[in-house]
Amino acid sequence: MNPSFPPAPVVERAAEPTESNIRELVYGFYDRVRADPLLGPVFEATLAGRWDDHLPKMCTFWGSLVLGAKQYRGNVQQAHQPLEGVEPQHFSRWLYLFLDTVESRYEPAAAVRFMEPALRIAQSLQLSRFGWDYKIPAEQEALLERVAPKRRPRDDEPHDGHAGVVSRRPPGEPFPTRIIGKAKDD
Ligand code: HEM
């Protein structure tokens, strides 16, 4: 898949997440979700008439994850169980749009604080729903590369032996900690 999305609006990138820029992120992200031909109908089917509840809840959710606000009291797994018609391609699109929106709004160090939990939770939702070991699609790899290029292994690190190929995670290894966590060690 090589999606061409309408670009995220150009805004000045924030160095630090705050309650107010998280609100802008969440509302900006869901504007794009709702306009997306693949995701829009899936969300609308469940949330029509309830967006005014959903969006503040998502601000609280991201505030809890990123600012440690600890106000979110929900069950993410449970909320996604009843959704009909959700397939791996929806997650892929969700993640691409989310990562792209985050990248357009935050400096890399701050962006990673959203991306890491997004990838981790998306992976766990997919695993519980599809038993699917998520492989990062090429366009997400490219986006992560722009934000956290240091995750590439150094020459002195163990290599997978494929000449000229960047070492990939072994199958089954939880990728977000491996890929994004790398930057912290460098
Ligand atoms: C294909 C991907 C996804 C779809 C289609 C989707 C769809 C939805 C929908 C329709 C709801 C509202 C459920 C309801 O109130 O009845 C919801 C809730 C929620 N979603 Fe997702 N979602 C997706 C991925 C994600 C991911 C990756 C995350 C986290 C990073 C996430 C976090 C949440 C949270 C926190 C809620 C609120 C749960 C609650 O009620 O407390 N979603 N999602």
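As the structure is a prediction and not an experimental result, all values here were calculated from the model. (Residues numbered from 1 in each chain as written. Predicted model: local features only at pLDDT ≥ 70, side-chain atom pairs only at ≥ 80, totals over all residues.)

Draft legend 1. Structural detail: the environment of Phe98. For Phe98, the location among the structural elements is in helix α5 (residues 88-105). The sequence separation of Phe98 and Tyr30 amounts to 68 residues, and the corresponding C-alpha distance is 9.0 Å. Apart from the residues within four sequence positions on either side, Phe98 is in contact with Phe29 and Ala118. (Helix = DSSP H or I, 4+ residues; strand = E, 2+ residues; numbered from the N terminus. Contact = placed C-beta atoms within 7 Å.)

Draft legend 2. Seen up close, the site of the ligand. Residues in close proximity to the ligand total 20 residues, the closest being Thr46, Gly74, Ala79, His90 and Ala122. Those elements that place two or more of their residues in the shell around the ligand are α2 (39-47), α3 (51-67), α4 (76-80), α5 and α6 (108-130). Per-class residue counts for the shell around the ligand are 14 nonpolar, five polar and one charged. (Near = placed C-beta within 6 Å. Nonpolar A, V, L, I, M, F, W, Y, C, P; charged D, E, K, R; others polar.)

Draft legend 3. Spatial organisation of the nonpolar core. By size, the foremost hydrophobic cluster in this structure holds 26 residues, and its most contacted members are Trp62, Phe98, Val102 and Met115. Secondary-structure elements contributing two or more residues to this core are α1 (19-35), α3, α5, α6 and α7 (138-147). It is α5 that provides the largest number of residues to this core, a total of six residues. (Core = buried A, V, L, I, M, F, W, Y, C linked by C-beta atoms within 7 Å. Buried ≥ 20, exposed ≤ 12 C-beta atoms within 10 Å, placed from the backbone.)

Draft legend 4. The arrangement of the confidence of the model for the chain in detail. Here the chain shows a mean pLDDT of 80. Residues at 70 or above account for 78%. Note that residues 157-186 has pLDDT below 50 and, in this model, 32 contacts with residues that lie over four places away or in other chains. (pLDDT = per-residue confidence, 0-100.)

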